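This is what each chain is made of:
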Amino acid sequence: MSVFFIHPCRQDQSLHLIWQNGSLIQQQSAPSPSVERGIGCFETLRIQSRIPIYLSEHLRRLAASCRLLGLAEPDLLALKERLLHAASHCGGAGVLRVQLGRGLELIRVSPFVQERWARPLTLASVAPAVLDLELAQAKHCSRGHWERGAAARGVDELLWVDPQGFLLETHQGNVFAEVQGVLVTPPLDGRILAGVTRGALLAAGHAEGISLRSAPVKLARAEALWVSSSLKGLAPVKELNGVPLKSGALGGALLEALERSESA
């Protein structure tokens, strides 16, 4: 876990020192807004055999998030080299996280928790706030209120549903719904994040002839639900608003197609 301590220097109140986990990492005239106010964006990737999965796709989305948040776009070629170097230190399956902000770049490598992959989830449906929709297309760092909301409801993730009852996404992933033998995922209409794993699942499913499409879908029509992300693949939803949901076979078939495509 990354912890920052910010202390003004006694001799010069304009100078700030920043420690991360006890080590001095930054000395400048003012602390970064990314540290103080959460103005930043990030990407989280899996590492297999010392290689970050879907690295180019994550970097493109990171640059897009910077543009949406008014941050300077990184030198993607230089950043890619730093990420590849960091991933090379991972002996087995791992997780690579990069966070960017104003005057801030953090890269972290940690172990991959296999138990999270396709682990059944519990959800609570909520209406998205205005700010949620304004920032929906950016992978931003201002996520603490979502985590608190999920914890307060005793669930793994929050599921956003618009006033007309259409599915959007969860606060940690994209959604797939089974409707009459077809997997349907909400379209990229500006109200949800363009998930890298979502795109990979669509490509893998279409390549293997699985019945799926991107289209608006109402929660009331969903016979089963799944949530996709880099660290959980495609996880079935076992409970929504305290009500158990049936398990479907289509999600499992789609996840297997993704795993085959990644190992090819």
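Residues numbered from 1 in each chain as written. Predicted model: local features only at pLDDT ≥ 70, side-chain atom pairs only at ≥ 80, totals over all residues. Heavy atoms only, no water.

*Asks:* Help me get a handle on the overall build of the protein chain, residues and values and all.
*Replies:* A count of helices and strands for the protein chain gives seven helices and 16 strands. Considering the protein chain as a whole, with its 264 residues, one finds that 47% of them fall into the buried category. Put simply, 63% of the contacts in the protein chain that link residues at least 6 apart link residues at least 24 apart. (Helix = DSSP H or I, 4+ residues; strand = E, 2+ residues; numbered from the N terminus. Buried < 20%, exposed > 50% of the residue type's maximum accessible area, 1.4 Å probe, protein only. Contact = heavy atoms within 4.5 Å.)

*Asks:* An account of the pattern of salt bridges is requested, with residue identities and associated values reported.
*Replies:* Inspection of the entire model under this criterion finds nine salt bridges. The residue Arg67 makes a salt bridge to Glu73 at a minimum N-O spacing of 3.2 Å. A residue is classified by how much of its surface remains accessible, and Glu73, at 44% relative accessible area, is partly exposed. Among the ionic pairs, Asp156 bridges to Arg119, the shortest N-O distance being 3.9 Å. Of this pair, Asp156 sits in the loop between helix H5 (144–153) and strand E9 (157–161) while Arg119 sits in the loop between strand E7 (104–111) and strand E8 (121–126), and the two are 37 residues apart along the sequence. (Salt bridge = Lys/Arg side-chain N within 4 Å of Asp/Glu carboxyl O.)

*Asks:* Can you explain the nonpolar core? Please cite residues and give values.
*Replies:* Core analysis: the biggest nonpolar cluster contains 20 residues, and Phe176, Leu183, Leu201, Leu212, Trp226, Leu234 and Leu254 have the highest contact counts within it. Counting residues per element, the ones that place at least two in this core are helix H6 (196–207), strand E14 (224–229) and helix H7 (250–263). (Core = buried A, V, L, I, M, F, W, Y, C linked by side-chain atoms within 4.5 Å.)

*Asks:* Summarise the sheet that holds strand E6 (residues 94–101); cite the residues concerned and give the values.
*Replies:* Strand order across the open sheet formed by four strands is E5-E4-E6-E7, with antiparallel pairing between neighbours. Two strands close off the open sheet at either side, each with one partner strand: strand E5 (51–52) and E7. When E6 meets E7, the two strands line up antiparallel, connected through eight bridges. Bridge pairing in E7 places Gln99 opposite Leu106. Along the sheet, helix H2 (residues 55–69) contacts strand E4 (40–48), E5 and E6; its crossing angle with E4, the most-contacted strand, is approximately 175°. Where helix H3 (residues 76–87) meets the sheet, it contacts E4, E5, E6 and E7, and its direction lies at approximately 25° from that of E7. (Pairing = 2+ DSSP bridges. Axes fitted to C-alpha atoms, helices over the stretch in contact; angles between N-to-C directions.)

*Asks:* Residue-level account of the packing of H6 against H7, with values.
*Replies:* Running from amino to carboxyl end, H6 crosses H7 at an angle of 95°, the nearest separation of the two axes being 8 Å. As summarised for this structure, H6 and H7 are arranged roughly perpendicular, according to the angle between their axes. Residues Thr197, Ala200, Leu201, Ala204 and Gly205 of H6 lie in contact with H7, whose contacting residues are Leu254, Leu255, Ala257, Leu258 and Ser261. Each residue belonging to the contact of H6 with H7 can be placed in one class, and the counts come to seven nonpolar, three polar and no charged. (Parallel < 35°, antiparallel > 145°, perpendicular 65-115°, else oblique. Nonpolar A, V, L, I, M, F, W, Y, C, P; charged D, E, K, R; others polar.)

*Asks:* Could you give an account of the packing of aromatic side chains, with specific residues and numbers?
*Replies:* For the structure shown, the criterion picks out two aromatic pairs. Ring geometry for Trp146 versus Trp160: centroids 4.9 Å apart, planes at 75°, classification edge-to-face. Placement of the pair is Trp146 in helix H5 and Trp160 in strand E9, with a sequence separation of 14 residues. Each of the two residues, Trp146 as well as Trp160, counts as buried. Above the face of the Phe42 ring, Arg97 is positioned so that its terminal group lies 4.1 Å from the ring centre. (Phe/Tyr/Trp six-rings, centres within 6.5 Å; stacked < 30°, edge-to-face > 60°. Lys NZ or Arg CZ within 6 Å of the ring centre and 35° of its normal.)

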